[in-house]
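Remarks on the overall topology
Now for the letters of each chain:
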Amino acid sequence: MFKKILIANRGEIACRVIQTAKKMGILTVAVYSDADKESRHVELADEAVHIGAAPSRESYLQADRIIAACKATGAQAVHPGYGFLSENEAFAKKVEEEGIVFIGPKHYSIAAMGDKIASKKLANEAKVNTIPGWNDAIESAERAVEIARDIGYPVMIKASAGGGGKGLRVAFNDKEAFDGFASCRNEARNSFGDDRVFIEKFVEEPRHIEIQVLGDAHGNVIYLNERECSIQRRHQKVIEEAPSPFISDETRKAMGEQAVALAKAVKYQSAGTVEFVVGKDQSFYFLEMNTRLQVEHPVTECITGLDLVELMIRVAAGEALPLAQADVKRDGWAIECRINAEDPFRNFLPSTGRLVKFQPPATSMFAADTAHLDGVRMDTGVYDGGEIPMYYDSMIAKLIVHGKDRMDAIAKMREALNGFVIRGVSSNIPFQAALLAHPKFVAGDFNTGFIAEHYGKGFHAQDVPHQEPGFLLALAAFMHRRYRARASGISGQLNGHGVKIGEQFVVVTVGEGGEQRHTDVSVTDYEGSTGSSAVSVNGKTYQLSSSAALGAVVVRGLVNGQPFTAQVERGAGKNPLALRVSHDGTQVEAMVLSPLGARLFKLMPYKAPPDLSKYLMSPMPGLLVEVSVQPGQQVQAGEKLAVIEAMKMENVLFATQDGVVGKVSAGKGESLAVDQVILEFS
């Protein structure tokens, strides 16, 4: 076994690998860029080596520097994680040539599966189902139309070197095939330096289901069941689960056996994933093979009880797999939510900056077996007070739950999300809560088009209707009364002017345009009980009890005998007098006032927000890479004004109306804060 390994990655996956290495008694070496000097993976590792500037092309993609770090520290092996150099055939080969072990498949296996056209041919030879299509590079748009007609519409036009949704078009007729071919080819050339394009049948109502495989150097290959990854936004997975709620045992077995056949055909040694597209009739076709550890590997670990990182390390050290196919378990149900630093209410724009508060739900960090903590696990590379840099992807953490069945896992995940506190940056937790509550998701009735179909026009607060809106108002009044009770006990109050607790309140919420909604609420404490009250809202009584400390964000307790987890903060929103209550993805800002206070508040004039339409403001923190206009320039609606780069994504800002540029306030290369003025119109 290795004495020391280097992790050629960052963030949560670097921390995940370090955790298993420590469990195995192996020393670890982290590498880091300028942006990651204070990061969690650097702190967890036994040693750390600086490898360059913040952009990944100047650090984490520098193969020579990573190999030099191995030699300088005496690391005998390299774990590449996922992303960066994990599927780079040249890197894997060079590592091996330098006498260092690559903890992953051999370079020839990466090469065989890395080219989409070559991998399709290999899959055909291994008798793996492949989508009907033309797997050779197509030379012209006219030829693309001929091939599309032969296959039968709809067809998918794909770049051979594509990935992450780039170089991909769906065509339903000749014109779309002709135009899609040209667009695909240009995009592929610009993004990957490889303009080869192929065409295949487009599977309708498709699901994205993948099989986890594991092979060793002794010819053994097994599959570890499947993962359902159909909940995707712009081809990026959002929620993953294992097993799939859709496929039958027969389909699972057939997919698993074909995945093993493909892995054996390329002499696969390590953990890998064979991805399939599955039609509504359970017909399945090979998509591609990911020759690395997947982001969503924890759901497989939960239902099998295996540590995939440990098995990768043992296989790389030459050990045989410790289990056969018959030993693979399928215990319960696991779901993973990717918690990303993005604002779902602003079209998922990246959100970078300081994590003012990072308080995850009670979890087991990285453990494959989480039964002792009620099946909740979190993998992360961040910490309270840490920084989310703009140079890398937007993932803050992966939240994983393991339940006895799918309904149990969904319920656990909803509660875990309710107790996950992230402040300082925006997160997609409200969107995840909405997905988990959607009737079609709960029923398992979805495909890869689910998010586009139900949230095609963006995500809005009204997309998360609360099942019991009265509960949110009741909780606000309950917590307010507890604050009043504490204040009433403070010594030294003037006679006749002491704080009175009261039982009758009015909960006021303010909507768009200053519209006020007043709700009468009564709160009565149970005799002889502290922290337990009967709260009446609109004729319904909520029996609430909680021992949560006043000032704590997370409030856990019972409502009508059922446990709940919510978040309550004073002054956290736009109104410093209001309590912000968050539960199941819904958020309200409520002022709890006395009846007289509510009557007086009604008389307060509404102050409309200022008109900012003449300013172009940065919708997110990021790097201003281009200002496309100059002072005095006439622009039309839809014209490009500026480009901001954050988290490996370029975001183009367009004019929303005709106008003349007055003043440009920010320059190319400047780091922008959210809502910082870039330019103004005269």
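The structure we're discussing is the one just above.
Residues numbered from 1 in each chain as written. Predicted model: local features only at pLDDT ≥ 70, side-chain atom pairs only at ≥ 80, totals over all residues. Heavy atoms only, no water.

With that settled, the discussion passes to the packing of aromatic side chains. Aromatic ring pairs: the centre-centre distance and the angle between the two ring planes describe each pair. Tallying each qualifying case throughout the model produces 15 aromatic pairs. Ring centres of F431 and Y455 lie 5.4 Å apart, and the angle between their planes is 80°; this geometry places the pair in the edge-to-face category. Of this pair, F431 sits in helix α13 (residues 429–437) while Y455 sits in the loop between α15 (450–454) and α16 (469–488), and the two are 24 residues apart along the sequence. Here F431 and Y455 have matching classes, each one buried. Seen from their ring centres, F471 and F564 are 5.2 Å apart, and the 75° between their planes marks the pair as edge-to-face. With F471 in helix α16 and F564 in strand β30 (residues 562–570), this pair connects stretches of sequence that are 93 residues apart. Taking the relative accessible area as the measure of exposure, F471 reaches 4% and is therefore buried. The aromatic ring of W134 is capped on one face by R143, whose charged end is 4.9 Å from the ring centroid. The ring of F441 has R406 sitting right over it, with the charged end atom 4.7 Å from the ring centre. (Phe/Tyr/Trp six-rings, centres within 6.5 Å; stacked < 30°, edge-to-face > 60°. Helix = DSSP H or I, 4+ residues; strand = E, 2+ residues; numbered from the N terminus. Buried < 20%, exposed > 50% of the residue type's maximum accessible area, 1.4 Å probe, protein only. Lys NZ or Arg CZ within 6 Å of the ring centre and 35° of its normal.)

Across the sheet, which stays open at both edges, the 4 strands sit in the order β37-β36-β34-β39 with antiparallel pairing between neighbours. In this open sheet, the two edge strands, each paired with only one partner strand, are β37 (649–654) and β39 (671–672). Note that strand β36 (residues 640–646) and β37 share 6 bridges and pair antiparallel. Looking at the pairing, A642 lines up with L653 of β37. (Pairing = 2+ DSSP bridges.)

Here the focus is the pairing of strand β14 (residues 284–290). Counted residue by residue, β14 has 5 buried out of 7 residues, so it is predominantly covered. For strand β13 (residues 270–278) and β14, the ladder comprises 6 bridges, and the chain directions are antiparallel. Bridge assignment links V274 to a residue of β14, and that residue is M289. Joining the antiparallel neighbours β13 and β14 is a turn of 5 residues, in which Q282 adopts a positive phi near 70°.

Looking now at the sheet that holds strand β5 (residues 101–102). Pairing within the open sheet is parallel, and its 5 strands lie in the order β3-β2-β1-β4-β5. Taken across any chain shown, the strands that pair with only one partner, and hence form the sheet edges, are β3 (47–52) and β5. The sheet contact formed by strand β1 (residues 4–7) and strand β2 (residues 27–33) spans 4 bridges and is parallel. Along β2, the bridge assignment pairs I5 with T28.

With that out of the way, let us pick up the environment of G193. Within the secondary structure, G193 is located in the loop between α8 (174–192) and β9 (197–201). On the basis of relative accessibility, which here comes to 64%, the residue G193 falls in the exposed class. Along the primary structure G193 and A161 are separated by 32 residues, whereas in three dimensions their C-alpha atoms are 8.6 Å apart.

Time to look at the pairing of strand β12 (residues 236–242). The two faces of a sheet get side chains in turn, since along a regular strand they alternate between them. Within β12, 6 of the 7 residues are buried, which leaves it mostly tucked inside the rest of the structure. Connecting the antiparallel pair strand β11 (residues 221–233) and β12 is a turn made up of 2 residues, with R234 showing a positive phi of about 55°.

Our next topic: the packing of helix α3 (residues 63–73) against helix α4 (residues 89–97). Packing of α3 against α4 brings their axes to within 11 Å, and their N-to-C directions diverge by 30°. In terms of axis orientation, α3 runs roughly parallel to α4. Between α3 and α4 lies a crossing whose hand is right-handed. For the pair formed by α3 and α4, the contact residues are A63, D64, I66 and I67 on the first element and F91, K94 and V95 on the second. (Axes fitted to C-alpha atoms, helices over the stretch in contact; angles between N-to-C directions. Parallel < 35°, antiparallel > 145°, perpendicular 65-115°, else oblique. Left-handed = near helix turned anticlockwise from the far one by under 90°. Contact = heavy atoms within 4.5 Å.)

For the rest of this paragraph, the subject is a nonpolar patch on the surface. Together, L596, L600 and L603 line one region of the surface with nonpolar side chains, adding up to about 330 Å² of accessible area. Locating L596 in the fold gives a position in helix α17 (residues 595–602). (Patch = residues over 30% accessible without salt bridge, like charges linked within 9 Å, V, L, I, M, F, W, Y side chains within 5 Å. Areas by Shrake-Rupley, 256 points an atom, 1.4 Å probe, with all protein chains shown as cover. Salt bridge = Lys/Arg side-chain N within 4 Å of Asp/Glu carboxyl O.)

Take A534: it is sitting in strand β27 (residues 532–537). Taking C-alpha positions, A534 is 9.7 Å from V559, a pair spaced 25 residues apart along the chain. If we skip the residues at most four places from it in the chain, A534 touches S522, V523, T524, Y526, T541 and Y542.

These values are about where atoms sit, not about what they do.
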